Amino acid sequence: MRNLIYLILTTGLLACQPKEETKNNKNETITEVDNTKVSTPVIEEDSLLSNLNEKIRADINNKDLYLKRADYYLEKQSPKEAMQDINRAFRIDTNYLPTLLKQADFLTKSGKLELSLAIIDKANKLYPNSSVIQVAYSQLYLVARNNTKSLSYADLAIKYDMYNAEAYYLKGFNFLEIGDTTKAISSYQTAVEQDPEYFEAYLELGLIFSQKNDPIAIEYFNNALEIQPNERRALYSKGMFEQEHEMYNEAMQSYTTAIKSNPDFREAHYNLGYIHLFYLKLYRQSQQYFTDAIEVDPRYKEAYYNRGYAFEMLGDINNAAKDYRKALEIDPSYDYAAKGLSRLNN
């Protein structure tokens, strides 16, 4: 469930509030998660999936295996298959707590907060005084932007289990949203004390200290990267801190590492170009990085502009003008490109 909050809060669901579904009522019996109208990529079977499939064939009534495979599909951004496995686990045991929590997670991520709340309420009746259920409530109300309720449920989760790292993490997220950075830091630090492998908490601490221009941010990013060495957010955030503090070689290494595992990471390509263009004054080298960014996103106006600026610095007026015009074609109000053309005409 740990990645759920970050994914939700970065996919436009922040403003969602629990509301009544037109064809469902939270007092009705909870049924399977609806899996209609969900597009999904084709998943090629790798060794992990192959192993899970083999185990399921050998034990078709093992609900935990279906939930593990659902996690795999969610990580591969294949929600339709994930929902199917959650539903299979639900049919085996409609009152199994991990399945109910997985359903609630999925619905919260989908913005169906009223349905998610109904499932959590059911779980709470079946398993009173459960710390993990209070965490599920806290997650839901955080997504609904009700920080007061979210914090209240996080505190209740800690009351039932004082070592619940996720509850401390949720408190940190809430405190950060309401502007109490000191309490946010304390909560995140407590989260990693309870669970030294808590990637998201290390990442949040790195981001907070980055905003404070505190070099300890690098230590937190490195802690996160020890857990997930190729995670793009941690690599990019570390690279940005290094870039802004004139650690250009280190920043280029962070961006390059990010690109190796995420070839379509347009911002990493762009920042490599930016460092070469403005800090190292290596104009020709910068052009390739901007070109790489454009290949990822053909409407990346800033990449066109900066590639054009590199052409301008090299005295290649024709190609500079082409890139400035392309940037303006993408966004006619893009002032930098208009000023670039104006410079060329003077």
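Our structure is the block above this text.
The rules behind each value
Residues numbered from 1 in each chain as written. Predicted model: local features only at pLDDT ≥ 70, side-chain atom pairs only at ≥ 80, totals over all residues. Heavy atoms only, no water. Axes fitted to C-alpha atoms, helices over the stretch in contact; angles between N-to-C directions. Helix = DSSP H or I, 4+ residues; strand = E, 2+ residues; numbered from the N terminus. Parallel < 35°, antiparallel > 145°, perpendicular 65-115°, else oblique. Left-handed = near helix turned anticlockwise from the far one by under 90°. Contact = heavy atoms within 4.5 Å. Core = buried A, V, L, I, M, F, W, Y, C linked by side-chain atoms within 4.5 Å. Buried < 20%, exposed > 50% of the residue type's maximum accessible area, 1.4 Å probe, protein only. Patch = residues over 30% accessible without salt bridge, like charges linked within 9 Å, V, L, I, M, F, W, Y side chains within 5 Å. Areas by Shrake-Rupley, 256 points an atom, 1.4 Å probe, with all protein chains shown as cover. Salt bridge = Lys/Arg side-chain N within 4 Å of Asp/Glu carboxyl O. Expected span 1.5 Å × (residues − 1). Polar contact = N/O pair within 3.5 Å; in protein donor to acceptor, adjacent residues only side chain to side chain. Nonpolar A, V, L, I, M, F, W, Y, C, P; charged D, E, K, R; others polar. Phe/Tyr/Trp six-rings, centres within 6.5 Å; stacked < 30°, edge-to-face > 60°. Lys NZ or Arg CZ within 6 Å of the ring centre and 35° of its normal.

Asker: So what exactly am I meant to see when it comes to the packing of helix α12 (residues 216-227) against helix α13 (residues 232-244) here?
Answerer: The description of two helices packed together rests on the angle between their axes and the distance between the axes. In contact at an axis separation of 10 Å, α12 and α13 are set at 160 degrees when each is read in the N-to-C sense. Here α13 runs roughly antiparallel to α12, going by the angle between their axes. Crossing geometry of α12 relative to α13 is assigned as left-handed. Two secondary-structure elements touch here, α12 through A217, I218, F221, N222, A224 and L225 and α13 through A234, L235, S237, K238, F241 and E242.

Asker: Honestly, the nonpolar core in this entry has me stumped. Any pointers?
Answerer: If you look at soluble globular proteins, the nonpolar side chains tend to sit buried side by side. Ranked by size, the top nonpolar core spans 44 residues in total, and within it Y169, Y188, Y198 and A201 carry the most contacts. With 21 residues, the next largest nonpolar core counts A293, Y304, A310 and F311 among its residues.

Asker: So what exactly am I meant to see when it comes to unusual backbone geometry here?
Answerer: Excluding glycine, residues mostly have negative phi values, and the peptide bonds linking residues are mostly trans. In this model, N129 sits at a positive phi of 65 degrees, which is unusual for a non-glycine residue. Among the structural elements, N129 can be located in the loop between α6 (113-126) and α7 (131-143). The exposure class assigned to N129 is exposed, which follows from its relative accessible area of 53%. Positive phi outside glycine occurs at R145, with the angle close to 65 degrees. Structurally, R145 is set in the loop between α7 and α8 (147-160). According to the relative accessible area criterion, R145 is partly exposed, its value standing at 44%.

Asker: For this particular structure, what's the right way to read a nonpolar patch on the surface?
Answerer: A cluster of nonpolar side chains, contributed by Y279, L280 and L282, occupies part of the molecular surface with about 220 Å² of accessible area. Structurally, the position occupied by L280 is in the loop between α15 (266-279) and α16 (283-296). For L280, a relative accessible area of 32% translates into the label partly exposed.

Asker: Whenever I open this one, α13 confuses me. Can you help?
Answerer: An α-helix turns once per 3.6 residues; consequently, residues spaced three or four apart project the same way. Across its 13 residues, α13 extends 18 Å between first and last C-alpha, which sits within 8% of the 18 Å expected from 1.5 Å per residue. Of all the positions in α13, only R233, A234, L235, S237, K238, G239, F241, E242 and Q243 are classed as buried. You can read the cap of α13 off the contacts: a side-chain oxygen lies 2.8 Å from the backbone nitrogen of R233, and it is on E231. E246 lies just past α13 and shows a positive phi near 60 degrees.

Asker: Help me out: how do you make sense of the side chain of S138 in this one?
Answerer: Here S138 is to be found in helix α7. Given the relative accessible area of 0%, S138 is considered buried. Excluding residues that lie within four positions of it along the chain, S138 makes contacts with S150, Y153, A154, L170 and N174.

Asker: Teacher, can you tell me more about the packing of helix α11 (residues 199-211) against α12 here?
Answerer: Running from N to C, α11 and α12 cross one another at 160 degrees; their axes reach a closest spacing of 8 Å. On the basis of the axis angle, α11 is roughly antiparallel to α12. You can see that α11 and α12 cross each other, and the crossing is left-handed. Side by side, α11 and α12 meet where F199, Y202, L203, L205, G206, L207, F209 and S210 of the first sit next to I216, A217, Y220, F221, N223, A224 and I227 of the second. Across the contact of α11 with α12, the residue classes break down as twelve nonpolar, three polar and no charged.

Asker: What am I meant to see in the packing of aromatic side chains here?
Answerer: Where two aromatic rings form a pair, the distance of their centres and the angle of their planes describe that pair. In total, this model carries 21 aromatic pairs according to the counting rule given. Pairing Y141 with Y153 gives two aromatic rings, centres 5.8 Å apart and planes at 5 degrees, and the pair type is stacked. One end of the pair, Y141, is in helix α7; the other, Y153, is in helix α8, with twelve residues separating them in the sequence. Note on Y141: relative accessible area 9%, which makes it buried. Arranged with centres 5.6 Å apart and planes meeting at 15 degrees, the rings of F209 and Y220 form a pair that is stacked. Separated by eleven residues along the polypeptide, F209 in helix α11 and Y220 in helix α12 bring together distant segments of the chain. Summarising the burial analysis for this pair, F209 and Y220 share the class buried. Cluster of aromatic residues (ring-pair linked, three or more members): Y248, Y270, Y274, F278, Y279, F290, Y300, Y305, Y309, Y324, Y334 and Y336. Of note, K63 hangs over the ring of Y96, and the distance from its end group to the ring centre comes to 4.5 Å.

Asker: Teacher, can you tell me more about the environment of L341 here?
Answerer: Inspection of the secondary structure puts L341 in helix α19 (residues 335-345). Excluding residues within four positions of it along the chain, L341 makes contact with A321, Y324, R325 and L328.

The values are spatial; any link to function lies outside them.
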